[in-house]
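Summary of the model geometry
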Amino acid sequence: MEEVMAIERSSENGVSTFDDGAHSHCIAKTEDKGGVESKRFYLARTTALEMLRDRGYQVSDAELSLSLSEFRSGFGEKPDLERLRISVPLRSNPMKKILVVFMGSEPVTVKTVRVIHSQVSSTVGLHGLILVLQSKMNHFAKKELATFPCTVETFPIGDLLVNITKHTGQPKIEILTKEEKEKLLSDHALEDKQLPSLKEKDSFVRYHGLKKGQVVKITYSKEPVGHFVTYRCIV
């Protein structure tokens, strides 16, 4: 029962991964004679590709299986940020595309954001943009994101060095469709606000790009909790 309560509370701070041992479990220390910079970009780009695949985008197996040495052979020890960009279509609707842009190490200002805006504004079918940040984005730059013709998300590069969904303690997660959500609420005579919640800034929610009002089904099958199902609404 104590473990269940810990899981329920974990979403309150906005950084839950449903298992507070996630990061320590996923990071394996191995000897690496290459540069730190190329490894950081490799890890972040790999996680971004996995994230896009899990969101329903068309990501090739070749991209997902690229090794660190192959990455360094193709991109070098100091990768060109333009070449690191990822552009992939939605599997269910190839006309819709998402773009991942790796930003430089300098602070992100309004001017920086406007340069990106000018580069992507004419991209046909672009409905999502992810900016991977190496430094802070100031308040005015964040406000400028609202001028883009598509949804814009930002991820500090450190948040993408480990895929939080891949550790062994992760419960089974299912994202309910609109119809499934309506049936759940109807069957149990509930309203959205009566379901346990997950905040939009929760790391799992951000990974999947979930929006307010969406509902996820979480199934635990690990001792000492045993088989346990709960539903959470994004708020």
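Our subject is the structure listed above.
The model shown is predicted, which means the values in this text are computed figures rather than measured ones.

This part takes up the environment of Ser-92. With respect to the secondary-structure elements, Ser-92 resides in the loop between strand 1 (86–90) and strand 2 (93–102). Among the residues examined, Ser-92 registers a relative accessible area of 67% and is labelled exposed.

Take Arg-45: it is sitting in helix 3 (residues 36–54). Discounting chain neighbours no more than four positions away, the residues touching Arg-45 are Glu-63, Phe-71, Phe-75, Arg-83, Leu-84, Arg-85, Ile-86 and Phe-102.

Another aspect to go through is the sheet that holds strand 8 (residues 226–234). Within the open sheet, the four strands sit side by side as 5-7-8-6. Their pairing is mixed. Each of the sheet's edge strands pairs with one partner strand only, and the pair in question is strand 5 (172–175) and strand 6 (197–198).

Here we come to the packing of helix 3 against helix 5 (residues 68–75). Axis separation between helix 3 and helix 5 bottoms out at 10 Å; the angle between their running directions is 110 degrees. What the angle tells us is that helix 3 and helix 5 run roughly perpendicular. Considering only the axes of helix 3 and helix 5, their crossing is right-handed. Along its contact with helix 3, which presents Ser-38, Lys-39, Phe-41, Tyr-42 and Arg-45, the element helix 5 presents Leu-68, Phe-71, Arg-72 and Phe-75. The residue inventory of the contact of helix 3 with helix 5, partitioned by class, reads five nonpolar, one polar and three charged.

What counts, and at which threshold
Residues numbered from 1 in each chain as written. Predicted model: local features only at pLDDT ≥ 70, side-chain atom pairs only at ≥ 80, totals over all residues. Heavy atoms only, no water. Helix = DSSP H or I, 4+ residues; strand = E, 2+ residues; numbered from the N terminus. Buried < 20%, exposed > 50% of the residue type's maximum accessible area, 1.4 Å probe, protein only. Contact = heavy atoms within 4.5 Å. Pairing = 2+ DSSP bridges. Axes fitted to C-alpha atoms, helices over the stretch in contact; angles between N-to-C directions. Parallel < 35°, antiparallel > 145°, perpendicular 65-115°, else oblique. Left-handed = near helix turned anticlockwise from the far one by under 90°. Nonpolar A, V, L, I, M, F, W, Y, C, P; charged D, E, K, R; others polar.

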